[in-house]
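Residues per chain are reported as follows:
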Amino acid sequence: MRITVAGGGVVGLSCAYRLAEAGHSVTVVTAGKPAETTSAVAGGLIYPPVARPDERVVRWTETTVGVYRSLLAAPGIRFLPGWIRVPSAVPNPPWLTAMTDVSREGSVLAFTTAPVDTPVYLTWLAEQVAALGVRTEYRTITSPADLDADVVVNATGLAGGTLAGDDTLVPVRGQVVHLADPGLTSWSVEEADGDLTYVIPHGRHVVCGGTEEIGRNDLEPDAAVAAAIVRRCRELEPRLADAAVLGTRVGLRPGRPSVRLERVGDIVHCYGHGGAGITLAWGCAEDVASLVA
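Residues numbered from 1 in each chain as written. Predicted model: local features only at pLDDT ≥ 70, side-chain atom pairs only at ≥ 80, totals over all residues. Heavy atoms only, no water.

(A) Quick peek at helix α2 (residues 56-70). Between its first and last C-alpha, α2 extends 22 Å over 15 residues, near the 21 Å set by a 1.5 Å rise per residue. Residues V57, V58, W60, T61, T64, V65, V67 and Y68 constitute the buried set of α2. Structurally, α2 contributes buried residues whose contacts are with α1 (10-21), α3 (118-131), β14 (260-264) and α6 (277-292). (Helix = DSSP H or I, 4+ residues; strand = E, 2+ residues; numbered from the N terminus. Expected span 1.5 Å × (residues − 1). Buried < 20%, exposed > 50% of the residue type's maximum accessible area, 1.4 Å probe, protein only. Contact = heavy atoms within 4.5 Å.)

This is how it looks when you write it as C-alpha coordinates:
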(Lines give C-alpha, C1' and ligand atoms only; values in the text may rest on other atoms or scores of the structure.)
Protein backbone atom coordinates (compact mmCIF):
# COMPACT_ATOMS: atom_id res chain seq x y z
CA MET A 1 0.00 0.00 0.00
CA ARG A 2 0.91 3.66 -0.27
CA ILE A 3 1.48 4.81 3.29
CA THR A 4 2.30 8.29 4.55
CA VAL A 5 3.85 8.60 7.99
CA ALA A 6 3.17 12.06 9.40
CA GLY A 7 6.04 12.87 11.75
CA GLY A 8 9.80 12.50 11.52
CA GLY A 9 10.75 11.96 15.16
CA VAL A 10 11.84 8.66 16.68
CA VAL A 11 8.32 7.17 16.61
CA GLY A 12 7.59 8.24 13.03
CA LEU A 13 10.94 7.01 11.70
CA SER A 14 10.62 3.67 13.51
CA CYS A 15 7.14 3.20 12.02
CA ALA A 16 8.42 4.13 8.55
CA TYR A 17 11.22 1.56 8.87
CA ARG A 18 8.91 -1.30 9.86
CA LEU A 19 6.36 -0.42 7.16
CA ALA A 20 8.97 -0.18 4.39
CA GLU A 21 10.51 -3.43 5.64
CA ALA A 22 7.07 -5.03 5.19
CA GLY A 23 7.05 -4.00 1.53
CA HIS A 24 4.84 -0.91 1.57
CA SER A 25 5.56 2.27 -0.40
CA VAL A 26 6.26 4.75 2.39
CA THR A 27 6.60 8.53 2.49
CA VAL A 28 7.50 10.48 5.62
CA VAL A 29 6.08 14.00 5.84
CA THR A 30 7.70 16.13 8.52
CA ALA A 31 8.17 19.78 9.34
CA GLY A 32 11.89 19.46 10.02
CA LYS A 33 14.94 17.25 9.92
CA PRO A 34 15.54 14.67 12.67
CA ALA A 35 17.84 16.98 14.63
CA GLU A 36 15.03 19.58 14.73
CA THR A 37 12.43 17.28 16.33
CA THR A 38 11.46 17.03 19.98
CA SER A 39 13.05 13.56 20.00
CA ALA A 40 16.46 15.16 19.47
CA VAL A 41 16.14 17.14 22.73
CA ALA A 42 15.42 14.05 24.84
CA GLY A 43 17.94 12.75 27.35
CA GLY A 44 17.55 9.38 25.62
CA LEU A 45 17.54 7.09 28.66
CA ILE A 46 15.62 3.91 27.89
CA TYR A 47 13.08 3.25 30.61
CA PRO A 48 9.37 4.13 30.89
CA PRO A 49 7.94 6.17 33.76
CA VAL A 50 7.86 4.00 36.88
CA ALA A 51 4.06 4.41 37.10
CA ARG A 52 2.25 4.08 33.78
CA PRO A 53 -1.33 2.79 33.61
CA ASP A 54 -0.95 1.24 30.15
CA GLU A 55 -0.20 -2.52 30.26
CA ARG A 56 1.10 -2.34 26.67
CA VAL A 57 4.11 -0.34 27.92
CA VAL A 58 5.82 -3.51 29.17
CA ARG A 59 5.62 -5.23 25.78
CA TRP A 60 6.62 -2.08 23.88
CA THR A 61 9.62 -1.58 26.17
CA GLU A 62 10.78 -5.18 25.85
CA THR A 63 10.58 -4.98 22.06
CA THR A 64 12.40 -1.66 21.88
CA VAL A 65 15.20 -2.68 24.24
CA GLY A 66 15.68 -5.84 22.18
CA VAL A 67 16.06 -3.78 19.01
CA TYR A 68 18.61 -1.47 20.63
CA ARG A 69 20.61 -4.48 21.77
CA SER A 70 20.69 -5.64 18.15
CA LEU A 71 21.88 -2.18 17.05
CA LEU A 72 24.95 -1.84 19.26
CA ALA A 73 27.05 -1.09 16.19
CA ALA A 74 24.78 1.85 15.34
CA PRO A 75 26.04 5.31 16.32
CA GLY A 76 24.58 6.81 19.46
CA ILE A 77 23.65 3.56 21.24
CA ARG A 78 25.44 2.00 24.21
CA PHE A 79 24.33 0.23 27.38
CA LEU A 80 25.41 1.54 30.80
CA PRO A 81 24.54 0.74 34.41
CA GLY A 82 22.76 3.28 36.55
CA TRP A 83 20.07 3.83 39.13
CA ILE A 84 16.79 5.57 39.84
CA ARG A 85 15.34 6.42 43.21
CA VAL A 86 11.74 5.34 43.79
CA PRO A 87 9.57 5.43 46.94
CA SER A 88 10.42 2.48 49.15
CA ALA A 89 6.80 1.33 49.21
CA VAL A 90 6.58 1.19 45.41
CA PRO A 91 7.15 -2.33 44.00
CA ASN A 92 9.50 -2.98 41.12
CA PRO A 93 7.87 -1.93 37.84
CA PRO A 94 6.94 -4.81 35.49
CA TRP A 95 9.09 -3.45 32.63
CA LEU A 96 12.22 -4.39 34.61
CA THR A 97 12.03 -7.75 32.83
CA ALA A 98 13.52 -5.94 29.80
CA MET A 99 16.58 -4.79 31.76
CA THR A 100 19.72 -6.56 32.94
CA ASP A 101 21.87 -6.38 36.10
CA VAL A 102 18.81 -5.55 38.19
CA SER A 103 19.19 -4.97 41.92
CA ARG A 104 17.44 -2.97 44.60
CA GLU A 105 18.42 -1.61 47.99
CA GLY A 106 15.58 0.27 49.64
CA SER A 107 14.55 3.08 47.35
CA VAL A 108 17.48 2.71 44.96
CA LEU A 109 16.65 0.61 41.90
CA ALA A 110 19.70 -0.24 39.78
CA PHE A 111 19.83 -1.77 36.30
CA THR A 112 21.60 -1.58 32.96
CA THR A 113 19.89 0.12 30.04
CA ALA A 114 20.69 2.20 26.98
CA PRO A 115 21.33 5.93 27.04
CA VAL A 116 20.74 6.88 23.39
CA ASP A 117 22.44 9.97 21.97
CA THR A 118 19.26 10.99 20.18
CA PRO A 119 20.53 13.49 17.57
CA VAL A 120 23.22 11.05 16.44
CA TYR A 121 20.91 8.04 16.47
CA LEU A 122 18.06 9.84 14.68
CA THR A 123 20.35 10.96 11.87
CA TRP A 124 21.51 7.37 11.42
CA LEU A 125 17.94 6.02 11.60
CA ALA A 126 16.78 8.48 8.93
CA GLU A 127 19.59 7.21 6.68
CA GLN A 128 18.48 3.60 7.24
CA VAL A 129 14.88 4.53 6.42
CA ALA A 130 16.00 6.23 3.21
CA ALA A 131 18.04 3.16 2.27
CA LEU A 132 14.78 1.16 2.37
CA GLY A 133 13.35 3.45 -0.30
CA VAL A 134 11.32 5.74 1.95
CA ARG A 135 10.81 9.26 0.58
CA THR A 136 10.81 12.30 2.88
CA GLU A 137 8.88 15.51 2.30
CA TYR A 138 9.51 18.57 4.47
CA ARG A 139 6.29 20.51 5.03
CA THR A 140 3.72 21.28 7.68
CA ILE A 141 0.54 19.20 7.81
CA THR A 142 -2.74 20.79 8.89
CA SER A 143 -5.07 17.87 8.19
CA PRO A 144 -4.84 14.18 7.23
CA ALA A 145 -6.77 15.22 4.10
CA ASP A 146 -3.57 16.95 2.96
CA LEU A 147 -1.98 13.52 2.46
CA ASP A 148 -2.56 11.35 -0.59
CA ALA A 149 -2.17 7.78 0.70
CA ASP A 150 -4.03 4.53 1.26
CA VAL A 151 -3.19 4.74 4.97
CA VAL A 152 -1.88 7.65 7.05
CA VAL A 153 0.10 7.08 10.25
CA ASN A 154 -0.33 10.00 12.64
CA ALA A 155 2.97 10.05 14.54
CA THR A 156 3.32 13.81 14.81
CA GLY A 157 3.90 13.98 18.55
CA LEU A 158 2.36 17.09 20.06
CA ALA A 159 0.65 17.95 16.77
CA GLY A 160 -1.06 14.56 16.80
CA GLY A 161 -3.91 15.87 18.90
CA THR A 162 -4.59 18.71 16.47
CA LEU A 163 -4.69 16.35 13.50
CA ALA A 164 -6.99 13.97 15.38
CA GLY A 165 -9.17 16.52 17.16
CA ASP A 166 -7.95 15.12 20.49
CA ASP A 167 -7.95 17.68 23.31
CA THR A 168 -6.43 15.28 25.84
CA LEU A 169 -2.95 15.92 24.42
CA VAL A 170 -1.05 18.69 26.22
CA PRO A 171 2.51 20.05 25.99
CA VAL A 172 4.88 19.06 28.77
CA ARG A 173 7.80 21.45 28.57
CA GLY A 174 11.21 19.99 29.29
CA GLN A 175 14.46 21.90 29.66
CA VAL A 176 17.88 20.26 29.80
CA VAL A 177 21.48 21.46 30.01
CA HIS A 178 24.41 19.84 28.22
CA LEU A 179 27.68 19.61 30.15
CA ALA A 180 31.00 18.28 28.92
CA ASP A 181 31.33 14.58 29.78
CA PRO A 182 34.24 14.02 32.20
CA GLY A 183 34.15 10.29 31.43
CA LEU A 184 31.06 9.11 33.31
CA THR A 185 30.27 5.42 32.97
CA SER A 186 26.87 5.37 34.68
CA TRP A 187 23.61 7.33 34.71
CA SER A 188 21.41 8.43 37.60
CA VAL A 189 17.85 9.70 38.12
CA GLU A 190 16.38 11.15 41.29
CA GLU A 191 13.23 13.05 42.21
CA ALA A 192 13.24 15.11 45.39
CA ASP A 193 11.10 18.02 46.59
CA GLY A 194 9.23 18.03 43.30
CA ASP A 195 12.40 18.40 41.20
CA LEU A 196 13.38 15.70 38.70
CA THR A 197 17.15 15.44 38.40
CA TYR A 198 18.94 13.21 35.93
CA VAL A 199 22.48 12.77 34.65
CA ILE A 200 22.76 10.88 31.37
CA PRO A 201 26.25 10.59 29.83
CA HIS A 202 26.77 10.23 26.09
CA GLY A 203 30.56 10.28 25.76
CA ARG A 204 31.09 13.80 24.47
CA HIS A 205 28.38 15.44 26.56
CA VAL A 206 26.10 14.76 29.51
CA VAL A 207 22.39 15.56 29.33
CA CYS A 208 21.45 17.10 32.67
CA GLY A 209 17.84 17.68 33.57
CA GLY A 210 15.31 18.59 33.97
CA THR A 211 11.82 20.00 34.07
CA GLU A 212 8.27 18.72 33.46
CA GLU A 213 6.01 21.76 33.08
CA ILE A 214 2.53 20.61 32.06
CA GLY A 215 0.71 23.01 29.78
CA ARG A 216 3.63 25.35 29.11
CA ASN A 217 4.43 25.58 25.40
CA ASP A 218 7.21 28.16 24.94
CA LEU A 219 10.65 27.09 23.73
CA GLU A 220 12.75 29.91 25.16
CA PRO A 221 15.37 28.60 27.63
CA ASP A 222 15.09 29.94 31.17
CA ALA A 223 18.52 30.95 32.53
CA ALA A 224 17.47 30.59 36.18
CA VAL A 225 16.06 27.11 35.54
CA ALA A 226 19.24 26.13 33.70
CA ALA A 227 21.36 27.25 36.65
CA ALA A 228 19.19 25.25 39.05
CA ILE A 229 19.51 22.15 36.86
CA VAL A 230 23.30 22.45 36.79
CA ARG A 231 23.43 22.90 40.57
CA ARG A 232 21.23 19.86 41.24
CA CYS A 233 23.13 17.65 38.79
CA ARG A 234 26.50 18.60 40.24
CA GLU A 235 25.18 17.68 43.68
CA LEU A 236 23.91 14.35 42.34
CA GLU A 237 27.14 13.65 40.40
CA PRO A 238 30.14 15.45 41.95
CA ARG A 239 32.35 14.56 38.97
CA LEU A 240 30.47 17.24 37.03
CA ALA A 241 31.74 19.98 39.37
CA ASP A 242 34.18 21.40 36.83
CA ALA A 243 32.43 20.25 33.65
CA ALA A 244 31.92 23.03 31.11
CA VAL A 245 28.37 24.08 30.29
CA LEU A 246 27.86 23.45 26.57
CA GLY A 247 24.31 24.75 26.10
CA THR A 248 20.63 24.58 27.03
CA ARG A 249 17.82 22.95 25.07
CA VAL A 250 14.03 22.96 25.39
CA GLY A 251 11.45 20.56 23.97
CA LEU A 252 7.70 19.98 24.25
CA ARG A 253 6.79 16.40 25.12
CA PRO A 254 3.41 15.13 23.86
CA GLY A 255 1.66 14.49 27.16
CA ARG A 256 -1.45 12.31 27.35
CA PRO A 257 -2.98 10.03 30.02
CA SER A 258 -1.99 7.06 27.82
CA VAL A 259 -0.48 6.45 24.41
CA ARG A 260 -3.05 6.46 21.63
CA LEU A 261 -2.31 3.60 19.25
CA GLU A 262 -5.32 2.53 17.21
CA ARG A 263 -6.66 2.49 13.67
CA VAL A 264 -9.67 4.61 12.76
CA GLY A 265 -10.61 4.09 9.12
CA ASP A 266 -7.56 4.83 7.00
CA ILE A 267 -5.65 6.56 9.81
CA VAL A 268 -3.46 4.82 12.36
CA HIS A 269 -2.90 7.06 15.37
CA CYS A 270 0.37 6.67 17.29
CA TYR A 271 1.00 9.60 19.61
CA GLY A 272 0.97 10.68 23.25
CA HIS A 273 4.23 9.03 24.34
CA GLY A 274 5.20 11.85 26.70
CA GLY A 275 8.90 11.59 27.45
CA ALA A 276 9.05 7.88 26.60
CA GLY A 277 9.03 7.95 22.80
CA ILE A 278 12.62 6.72 22.55
CA THR A 279 11.71 3.89 24.97
CA LEU A 280 8.53 2.72 23.24
CA ALA A 281 9.22 3.51 19.56
CA TRP A 282 10.06 0.07 18.16
CA GLY A 283 7.33 -1.71 20.09
CA CYS A 284 4.76 0.81 18.88
CA ALA A 285 6.10 0.55 15.32
CA GLU A 286 5.43 -3.19 15.29
CA ASP A 287 1.83 -2.59 16.41
CA VAL A 288 1.41 0.07 13.75
CA ALA A 289 2.65 -2.32 11.05
CA SER A 290 0.18 -4.94 12.28
CA LEU A 291 -2.72 -2.47 12.18
CA VAL A 292 -1.81 -1.46 8.65
CA ALA A 293 -1.62 -5.08 7.54
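(B) View of empty space enclosed by the protein. Scanning all chains against the criterion turns up one cavity of 30 Å³ or more. Volume-wise, the largest cavity comes out at about 30 Å³. Lining the largest cavity we find A40, V41, A42, G43, V116, D117, T118, P119, H178, H202, H205 and V207. At the level of secondary structure, the elements contributing two or more residues to the lining of the largest cavity comprise α3 and β11 (205-209). Classifying every residue of the lining of the largest cavity gives six nonpolar, five polar and one charged. (1 Å grid on protein atoms, 1.4 Å probe; cavity = no way out; pocket = protein on both sides within 12 Å on 5 of 7 lines; lining within 4 Å. Points joined across faces, edges and corners; volume = space filled by probe spheres on them. Nonpolar A, V, L, I, M, F, W, Y, C, P; charged D, E, K, R; others polar.)

(C) Layout of α1. In a regular helix each residue adds 1.5 Å, so 12 residues correspond to 16 Å; α1 covers 16 Å between its end C-alpha atoms and thus fits that length. Taking burial as the measure, the 12 residues of α1 include 10 buried ones, the bulk of the element. By the burial criterion, the buried members of α1 are V10, V11, G12, L13, S14, C15, A16, R18, L19 and A20. Backbone geometry just after α1 places G23 at a positive phi near 100°.

(D) The packing of aromatic side chains, seen in detail. Counting across every chain of the model gives seven aromatic pairs. For the ring pair Y17 and W282, a centre distance of 5.5 Å and an interplane angle of 85° mean the geometry is edge-to-face. Linking Y17 in helix α1 with W282 in helix α6, this pair joins segments that are 265 residues apart in sequence. You can call Y17 partly exposed: its relative accessible area is 21%. Within the aromatic cluster, the residues linked to one another by ring pairs are Y47, W95, F111 and W187. (Phe/Tyr/Trp six-rings, centres within 6.5 Å; stacked < 30°, edge-to-face > 60°.)

(E) A look at the sheet that holds strand β2 (residues 25-30). With mixed pairing, the six strands of this open sheet are ordered in space as β6-β2-β1-β7-β15-β14. Of all the strands in the sheet, just β6 (135-138) and β14 have a single pairing partner and so form its edges. Recorded for the sheet is a direction-independent mean angle of 15° between the axes of neighbouring strands. Relative to strand β15 (residues 267-271), β14 is paired through five bridges, and the arrangement is antiparallel. For R260, the partnering residue across the bridge sits in β15 and is Y271. (Pairing = 2+ DSSP bridges. Axes fitted to C-alpha atoms, helices over the stretch in contact; angles between N-to-C directions.)

(F) Examining the environment of A16 more closely. Secondary-structure assignment places A16 in helix α1. For the pair A16 and V288, spaced 272 residues apart in sequence, the C-alpha to C-alpha distance is 9.6 Å. Every residue in contact with A16, bar those within four places of it in the chain, is listed here: V5, V26, V28, V129 and V134.

(G) A look at the packing of α2 against α6. Where α2 meets α6, the closest approach of the two axes is 7 Å, and the angle between their N-to-C directions is 100°. It follows that α2 is roughly perpendicular to α6 by the angle criterion. Across the interface between the two elements, V57, R59, W60, T61, T63, T64, V67 and Y68 from α2 touch I278, T279, L280, A281, W282, G283, C284, E286 and D287 from α6. Across the contact of α2 with α6, the residue classes break down as nine nonpolar, five polar and three charged. (Parallel < 35°, antiparallel > 145°, perpendicular 65-115°, else oblique.)

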